[in-house]
Amino acid sequence: MGQKVNPLGIRLGITRDWVSKWYAGKKQFPEQLYTDFQVREFLRKKLAEASVSRVHIERAARKVNVTIHTARPGIVIGKKGEDIEKLRTEVAALLHMPLQDVRINISEIRKPELDALLVAEGIAQQLERRVQFRRAMRRAVTNTMRIGAEGIKVRVSGRLNGAEIARSEWYREGRVPLHTFRADIDYGLAEARTTYGVIGVKVWVFRGEVFDSAETGQEAAEAPRPA
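About the thresholds
Residues numbered from 1 in each chain as written. Predicted model: local features only at pLDDT ≥ 70, side-chain atom pairs only at ≥ 80, totals over all residues. Heavy atoms only, no water. Buried < 20%, exposed > 50% of the residue type's maximum accessible area, 1.4 Å probe, protein only. Helix = DSSP H or I, 4+ residues; strand = E, 2+ residues; numbered from the N terminus. Pairing = 2+ DSSP bridges. Phe/Tyr/Trp six-rings, centres within 6.5 Å; stacked < 30°, edge-to-face > 60°. Lys NZ or Arg CZ within 6 Å of the ring centre and 35° of its normal. Expected span 1.5 Å × (residues − 1). Contact = heavy atoms within 4.5 Å. Polar contact = N/O pair within 3.5 Å; in protein donor to acceptor, adjacent residues only side chain to side chain. Axes fitted to C-alpha atoms, helices over the stretch in contact; angles between N-to-C directions. Parallel < 35°, antiparallel > 145°, perpendicular 65-115°, else oblique. Left-handed = near helix turned anticlockwise from the far one by under 90°. Nonpolar A, V, L, I, M, F, W, Y, C, P; charged D, E, K, R; others polar.

Colleague: How would you summarise the pairing of strand β3 (residues 63-70) if you had to cite specific residues and measurements?
Modeller: In terms of burial, β3 is a largely internal element, six of the eight residues being buried. Counted along the chain from strand β2 (residues 52-60) to the antiparallel partner β3, the turn is two residues long, and its residue A61 has a positive phi close to 45°. As judged from the seven bridges shared by β3 and strand β4 (residues 102-108), these two strands associate in the parallel manner. Across the sheet, V64 pairs through a bridge with V102, a residue of β4.

Colleague: Residue-level account of the packing of aromatic side chains, with values.
Modeller: All chains considered together, the criterion is met by three aromatic pairs. An angle of 55° between the planes, with centres 5.3 Å apart, marks the rings of W22 and F29 as tilted. Between the aromatic rings of Y34 and F37, the centroid separation amounts to 6.3 Å while the plane-to-plane angle is 25°, which identifies the pairing as stacked. Remark: F37 and Y34 occur in helix α1 (residues 28-46); sequence separation between them is three residues, near one turn of the helix. Looking at F37, the relative accessible area reads 48%, which means it is partly exposed. The ring of W22 has R59 lying over it, and the distance from NZ or CZ to the ring centre is 5.4 Å. Here K153 stacks its cationic end above the ring of W170, 5.6 Å away from the centre of that ring.

Colleague: Residue-level account of helix α4 (residues 116-128), with values.
Modeller: In this model α4 runs 18 Å from its N-terminal to its C-terminal C-alpha over 13 residues, within 8% of the 18 Å that 1.5 Å per residue would give. Residues of α4 that are buried: A116, L117, L118, V119, A120, I123, A124, Q126 and L127. Check the buried side of α4 and you find it contacts α1, β2, α5 (133-147), β5 (151-158), β7 (183-194) and β8 (197-209). You can read the cap of α4 off the contacts: a side-chain oxygen lies 3.2 Å from the backbone nitrogen of L117, and it is on D115. One or two steps after α4, the chain reaches R130, where phi turns positive at roughly 65°.

Colleague: With reference to specific residues and values, describe the packing of α1 against helix α3 (residues 82-95).
Modeller: A pair of packed helices is characterised by two quantities: the angle between their axes and the separation of those axes. For the pair α1 and α3, the least separation of the axes is 10 Å and the interaxial angle reads 150°. With respect to α3, the element α1 is oriented roughly antiparallel. Of the two elements, α1 crosses α3, and the hand of that crossing is right-handed. Contacts between α1 and α3 involve T35, Q38, V39, F42, L43 and K46 from the former and L87, E90, V91, L94 and L95 from the latter. Broken down by class, the residue content of the contact of α1 with α3 amounts to seven nonpolar, two polar and two charged.

Colleague: Outline the sheet that holds β7, supporting the account with residue identities and numerical values.
Modeller: Taken in spatial order, the four strands of this open sheet run β6-β5-β8-β7, and their pairing is antiparallel. Looking at which strands have only one partner, the edges of the open sheet turn out to be β6 (167-174) and β7. The average undirected angle you get between the axes of adjacent strands in this sheet is 10°. Alignment of β7 against β8, held across 11 bridges, turns out to be antiparallel. Within β8, the residue paired with A183 across the bridge is E209. Contacts between α4 and the sheet are confined to β5, β7 and β8, with β7 contributing the most and set at about 20° to the helix. The strands touched by α5 are β5, β6 and β8; relative to β6, the strand with the most contacts, the crossing angle is about 25°.

As C-alpha coordinates, this is what we get:
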(Lines give C-alpha, C1' and ligand atoms only; values in the text may rest on other atoms or scores of the structure.)
Protein backbone atom coordinates (compact mmCIF):
# COMPACT_ATOMS: atom_id res chain seq x y z
CA MET A 1 0.00 0.00 0.00
CA GLY A 2 1.15 3.55 -0.67
CA GLN A 3 2.20 5.34 2.48
CA LYS A 4 0.54 8.75 2.66
CA VAL A 5 2.65 11.61 4.00
CA ASN A 6 1.84 15.31 4.39
CA PRO A 7 2.94 17.01 1.12
CA LEU A 8 4.01 20.16 3.00
CA GLY A 9 5.99 18.44 5.76
CA ILE A 10 7.95 16.22 3.36
CA ARG A 11 9.07 19.30 1.37
CA LEU A 12 10.34 21.35 4.33
CA GLY A 13 13.80 22.63 3.50
CA ILE A 14 13.41 21.67 -0.19
CA THR A 15 10.69 23.86 -1.70
CA ARG A 16 8.89 24.84 1.53
CA ASP A 17 9.93 27.09 4.37
CA TRP A 18 9.00 26.68 8.03
CA VAL A 19 5.97 28.64 9.30
CA SER A 20 7.61 29.18 12.71
CA LYS A 21 11.20 30.42 12.90
CA TRP A 22 12.89 30.54 16.29
CA TYR A 23 15.29 28.69 18.53
CA ALA A 24 14.49 27.56 22.08
CA GLY A 25 16.07 25.35 24.71
CA LYS A 26 14.52 22.09 25.97
CA LYS A 27 12.50 23.83 28.69
CA GLN A 28 11.09 26.69 26.61
CA PHE A 29 10.42 24.69 23.44
CA PRO A 30 7.05 23.04 24.37
CA GLU A 31 5.73 26.31 25.82
CA GLN A 32 6.66 28.36 22.73
CA LEU A 33 5.31 25.69 20.39
CA TYR A 34 1.96 25.67 22.22
CA THR A 35 1.86 29.50 22.22
CA ASP A 36 2.37 29.49 18.42
CA PHE A 37 -0.49 27.01 18.10
CA GLN A 38 -2.75 29.20 20.29
CA VAL A 39 -1.93 32.34 18.26
CA ARG A 40 -2.72 30.56 14.97
CA GLU A 41 -6.01 29.15 16.31
CA PHE A 42 -7.00 32.57 17.67
CA LEU A 43 -6.23 34.32 14.36
CA ARG A 44 -8.08 31.64 12.35
CA LYS A 45 -11.24 32.13 14.43
CA LYS A 46 -10.98 35.91 14.68
CA LEU A 47 -10.29 36.36 10.95
CA ALA A 48 -12.61 33.63 9.65
CA GLU A 49 -14.08 36.03 7.06
CA ALA A 50 -10.69 37.35 5.90
CA SER A 51 -9.52 34.24 3.97
CA VAL A 52 -6.36 33.67 6.02
CA SER A 53 -4.10 31.00 4.55
CA ARG A 54 -0.88 30.98 6.58
CA VAL A 55 0.45 32.66 9.72
CA HIS A 56 4.24 32.97 9.93
CA ILE A 57 5.75 33.55 13.38
CA GLU A 58 9.34 34.71 13.86
CA ARG A 59 10.96 35.24 17.26
CA ALA A 60 14.27 37.05 17.61
CA ALA A 61 15.86 38.72 20.66
CA ARG A 62 12.62 39.04 22.70
CA LYS A 63 10.67 40.39 19.73
CA VAL A 64 7.98 38.61 17.73
CA ASN A 65 7.03 39.19 14.09
CA VAL A 66 3.67 37.72 13.03
CA THR A 67 2.97 37.73 9.27
CA ILE A 68 -0.62 37.03 8.24
CA HIS A 69 -1.05 35.85 4.64
CA THR A 70 -4.59 36.80 3.61
CA ALA A 71 -6.62 37.24 0.43
CA ARG A 72 -8.56 40.17 1.99
CA PRO A 73 -6.10 42.51 3.72
CA GLY A 74 -8.74 45.26 4.04
CA ILE A 75 -10.81 43.18 6.47
CA VAL A 76 -7.75 42.47 8.66
CA ILE A 77 -6.53 46.08 8.75
CA GLY A 78 -9.97 47.70 9.22
CA LYS A 79 -10.80 51.41 9.03
CA LYS A 80 -7.64 53.48 9.52
CA GLY A 81 -5.91 50.43 10.97
CA GLU A 82 -8.18 50.14 14.03
CA ASP A 83 -8.75 46.38 13.77
CA ILE A 84 -5.07 45.53 13.40
CA GLU A 85 -4.18 47.50 16.55
CA LYS A 86 -6.82 45.54 18.51
CA LEU A 87 -5.43 42.34 17.02
CA ARG A 88 -1.90 43.31 18.04
CA THR A 89 -3.00 43.90 21.64
CA GLU A 90 -4.75 40.50 21.82
CA VAL A 91 -1.81 38.64 20.23
CA ALA A 92 0.62 40.34 22.66
CA ALA A 93 -1.57 39.14 25.57
CA LEU A 94 -1.50 35.56 24.21
CA LEU A 95 2.29 35.70 23.84
CA HIS A 96 2.69 37.25 27.34
CA MET A 97 4.83 40.01 25.85
CA PRO A 98 4.79 43.83 25.99
CA LEU A 99 2.91 45.46 23.09
CA GLN A 100 5.95 47.25 21.64
CA ASP A 101 7.75 43.90 21.13
CA VAL A 102 4.97 42.41 18.97
CA ARG A 103 4.73 43.35 15.30
CA ILE A 104 2.02 42.25 12.87
CA ASN A 105 2.62 42.29 9.11
CA ILE A 106 -0.03 41.73 6.47
CA SER A 107 0.89 39.93 3.26
CA GLU A 108 -1.68 39.91 0.47
CA ILE A 109 -2.32 36.70 -1.47
CA ARG A 110 -2.71 37.99 -5.02
CA LYS A 111 -4.05 34.74 -6.48
CA PRO A 112 -6.24 32.98 -3.89
CA GLU A 113 -7.22 30.38 -6.53
CA LEU A 114 -3.66 28.97 -6.31
CA ASP A 115 -3.78 28.59 -2.52
CA ALA A 116 -4.93 25.06 -1.63
CA LEU A 117 -6.30 25.95 1.82
CA LEU A 118 -8.40 28.83 0.47
CA VAL A 119 -9.71 26.63 -2.37
CA ALA A 120 -10.64 23.89 0.17
CA GLU A 121 -12.38 26.42 2.43
CA GLY A 122 -14.29 27.80 -0.57
CA ILE A 123 -15.59 24.31 -1.43
CA ALA A 124 -16.47 23.64 2.24
CA GLN A 125 -18.49 26.89 2.43
CA GLN A 126 -20.40 25.93 -0.71
CA LEU A 127 -21.19 22.47 0.74
CA GLU A 128 -22.52 24.14 3.90
CA ARG A 129 -24.81 26.23 1.67
CA ARG A 130 -26.11 22.95 0.16
CA VAL A 131 -24.46 23.36 -3.25
CA GLN A 132 -24.03 20.00 -5.01
CA PHE A 133 -20.56 18.66 -4.21
CA ARG A 134 -19.71 17.78 -7.84
CA ARG A 135 -20.55 21.28 -9.01
CA ALA A 136 -18.47 22.85 -6.20
CA MET A 137 -15.50 20.60 -7.02
CA ARG A 138 -15.66 21.25 -10.78
CA ARG A 139 -15.96 25.02 -10.29
CA ALA A 140 -12.90 25.08 -8.01
CA VAL A 141 -10.85 22.94 -10.42
CA THR A 142 -11.80 25.09 -13.44
CA ASN A 143 -11.00 28.38 -11.65
CA THR A 144 -7.60 27.14 -10.41
CA MET A 145 -6.55 25.82 -13.82
CA ARG A 146 -7.68 29.05 -15.50
CA ILE A 147 -5.48 31.16 -13.19
CA GLY A 148 -2.39 29.18 -14.21
CA ALA A 149 -1.90 26.08 -12.04
CA GLU A 150 -0.26 23.09 -13.71
CA GLY A 151 -2.56 20.66 -11.92
CA ILE A 152 -5.12 20.30 -9.12
CA LYS A 153 -6.68 17.38 -7.29
CA VAL A 154 -9.75 17.72 -5.04
CA ARG A 155 -11.09 14.99 -2.77
CA VAL A 156 -14.28 15.18 -0.66
CA SER A 157 -15.22 12.52 1.91
CA GLY A 158 -18.24 11.98 4.11
CA ARG A 159 -22.01 11.68 3.76
CA LEU A 160 -22.12 13.26 0.30
CA ASN A 161 -25.59 14.59 -0.58
CA GLY A 162 -26.80 13.22 2.77
CA ALA A 163 -26.26 9.55 1.76
CA GLU A 164 -26.54 6.93 4.51
CA ILE A 165 -23.13 5.45 3.74
CA ALA A 166 -20.15 7.79 3.72
CA ARG A 167 -17.92 7.69 0.65
CA SER A 168 -15.20 9.74 -0.97
CA GLU A 169 -15.01 11.17 -4.47
CA TRP A 170 -12.13 12.93 -6.17
CA TYR A 171 -11.53 14.96 -9.29
CA ARG A 172 -8.24 15.85 -10.96
CA GLU A 173 -7.11 18.04 -13.81
CA GLY A 174 -3.55 18.48 -15.07
CA ARG A 175 -0.79 16.64 -13.21
CA VAL A 176 -0.05 16.47 -9.47
CA PRO A 177 3.36 14.74 -9.03
CA LEU A 178 3.37 14.06 -5.27
CA HIS A 179 6.58 11.96 -5.50
CA THR A 180 8.61 14.80 -7.04
CA PHE A 181 10.23 16.77 -4.22
CA ARG A 182 11.05 19.78 -6.34
CA ALA A 183 7.38 20.09 -7.35
CA ASP A 184 5.81 23.11 -5.62
CA ILE A 185 2.67 21.42 -4.30
CA ASP A 186 0.35 23.25 -1.94
CA TYR A 187 -2.00 21.20 0.24
CA GLY A 188 -5.06 22.28 2.18
CA LEU A 189 -7.67 20.58 4.35
CA ALA A 190 -11.04 22.04 5.33
CA GLU A 191 -14.21 20.68 6.95
CA ALA A 192 -17.80 21.44 5.97
CA ARG A 193 -20.10 21.09 8.98
CA THR A 194 -23.39 20.14 7.34
CA THR A 195 -26.68 19.10 8.99
CA TYR A 196 -26.00 15.42 8.24
CA GLY A 197 -22.38 15.36 9.42
CA VAL A 198 -18.88 16.62 8.69
CA ILE A 199 -17.56 16.47 5.12
CA GLY A 200 -13.79 16.66 4.70
CA VAL A 201 -12.30 18.51 1.73
CA LYS A 202 -8.66 18.00 0.66
CA VAL A 203 -7.01 20.00 -2.11
CA TRP A 204 -3.59 19.56 -3.78
CA VAL A 205 -2.44 22.33 -6.15
CA PHE A 206 0.64 21.85 -8.36
CA ARG A 207 2.14 25.26 -9.14
CA GLY A 208 5.15 24.17 -11.20
CA GLU A 209 8.60 22.79 -10.47
CA VAL A 210 11.12 24.78 -8.42
CA PHE A 211 14.75 24.68 -9.52
CA ASP A 212 15.91 27.51 -7.26
CA SER A 213 15.01 27.44 -3.54
CA ALA A 214 14.38 31.21 -3.62
CA GLU A 215 11.37 30.96 -5.95
CA THR A 216 8.89 28.91 -3.90
CA GLY A 217 5.40 29.39 -5.28
CA GLN A 218 3.46 32.50 -4.40
CA GLU A 219 5.90 33.52 -1.66
CA ALA A 220 8.13 35.17 -4.26
CA ALA A 221 5.27 37.45 -5.32
CA GLU A 222 4.05 38.17 -1.78
CA ALA A 223 6.23 40.67 0.04
CA PRO A 224 4.93 41.38 3.57
CA ARG A 225 3.57 44.84 4.23
CA PRO A 226 4.37 46.23 7.72
CA ALA A 227 1.36 47.44 9.72
